[in-house]
Amino acid sequence: MRETLRGLPPFPDDLPDFDVRSAPGDPVSLFLDWFGAAVQDQVPGPHAMTLATADAAGRVSSRVLICKDIDDGGRWYFASSSDSGKGRDLAANRHAAASFWWPQHGRQIRIAGVAGSAGEQASADDFLARPPASRAAALLGHQSETLDDLTALDQAFRRSQEVIEADPVLVAPDWTLYALYAETVEFWQADRQRRHVRLQYQRDAGPWAKRLLWP
Ligand SMILES: Cc1cc2nc3c(=O)[nH]c(=O)nc-3n(C[C@H](O)[C@H](O)[C@H](O)COP(=O)(O)O)c2cc1C
């Protein structure tokens, strides 16, 4: 296994340049640039991000989620059940971090800040924008609890589908659109010669500041 892992290339031969001197003053514009390039070059799942949370005792969890939106205020949005592991973590400890990895471009983006509900209406809008099967899945509840057998899941899924069909405007009460308010956003560009380039944006209460980081 060690040999196999050592033999795998971490980056492709052809990598884009990252001219930090012409980087915009805010990380959202740069994120949208890099994201647009990832979509254009058909990087798989460019909207999938890994979200890390921690509970009140500091025990950390991470999982992949779909990024639902980004706004000019530097908030990255994701949606889930407030009864899930991540929902419970965030209720106890609002600090969270997310990362994107786009292998074909050798690009990583790391976002850290505080996350909370984007509000009842925004959560309901997100739920109702989901296709019926996704709404039925979200209505199942019990996310990350023990499932005794797959038949129980099939039955619950069928019941959920019936409920959704009977009431197309029903919203799962625990469904939550979360906003991760970024305090730092780092753009990491791989380099074949390992002269990786890292640019971090930071803010407290005021405007964004930029700094380079040693690789
Ligand atoms: C590509 C991908 C996208 C996913 N998107 C979501 C999502 O948007 N919301 C969600 O709750 N779970 C999503 N999941 C499932 C989560 O990774 C995770 O299994 C689930 O949310 C339970 O995590 P938790 O117990 O830590 O809360 C996704 C998984 C994958 C692999």
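(A) Quick look at the overall build of the protein. For the protein, the helix and strand inventory stands at six helices and nine strands. Taken along the three principal axes of its C-alpha coordinates, the protein extends 55 × 50 × 40 Å. Considering the protein as a whole, with its 215 residues, one finds that 38% of them fall into the buried category. Here the contacts in the protein between residues at least 6 apart in sequence split such that 64% fall between residues at least 24 apart. Summed over its atoms, the accessible surface of the protein is roughly 12600 Å², and 51% of this surface lies on carbon and sulfur atoms. For the protein, the separation between the mean place of its 23 positive charges and that of its 29 negative charges on side chains is 7 Å.

(B) Geometry of the site of the ligand. For the ligand, the full set of nearby residues is Arg63, Val64, Leu65, Ile66, Ala79, Ser80, Ser84, Gly85, Lys86, Gln143 and Ser144. Lysine 86 is positioned with one of its side-chain polar atoms (N or O) 2.6 Å from an oxygen atom of the ligand. Between the ligand and the protein, one listed contact pairs an oxygen atom with a side-chain N or O atom of glutamine 143 at 3.2 Å. Relative to its unbound accessible area of 620 Å², the ligand is 61% covered by the protein chains. Looking at the shell around the ligand, the elements that each hand over two or more residues are strand 2 (60–66), strand 4 (75–81) and helix 3 (85–92). Top element by residues in the shell around the ligand is strand 2. It accounts for four residues. For the shell around the ligand, a count of residues per class yields four nonpolar, five polar and two charged.

(C) Main features of helix 2 (residues 27–40). An ideal rise of 1.5 Å per residue puts 20 Å on 14 residues; helix 2 measures up with 20 Å between its terminal C-alpha atoms. Inspection of helix 2 places Pro27, Val28, Leu30, Phe31, Trp34 and Ala38 among the buried residues, and these make up the whole buried set. The buried residues of helix 2 occupy an angular sector of 160° when projected down its axis, which confines them to one face. Buried residues in helix 2 make contact with strand 3 (69–71), strand 4, strand 5 (95–102), strand 6 (107–117), strand 7 (175–189) and strand 8 (197–202). Phi turns positive one or two residues past the end of helix 2, at glutamine 42, with a value near 55°.

The rules behind these values
Residues numbered from 1 in each chain as written. Predicted model: local features only at pLDDT ≥ 70, side-chain atom pairs only at ≥ 80, totals over all residues. Heavy atoms only, no water. Helix = DSSP H or I, 4+ residues; strand = E, 2+ residues; numbered from the N terminus. Buried < 20%, exposed > 50% of the residue type's maximum accessible area, 1.4 Å probe, protein only. Contact = heavy atoms within 4.5 Å. Areas by Shrake-Rupley, 256 points an atom, 1.4 Å probe, with all protein chains shown as cover. Lys, Arg positive; Asp, Glu negative; His and termini not counted. Charge placed at Lys NZ, Arg CZ, Asp CG, Glu CD. Near = heavy atom within 4 Å. Polar contact = N/O pair within 3.5 Å; in protein donor to acceptor, adjacent residues only side chain to side chain. Nonpolar A, V, L, I, M, F, W, Y, C, P; charged D, E, K, R; others polar. Expected span 1.5 Å × (residues − 1). Arc of directions from axis to C-beta.

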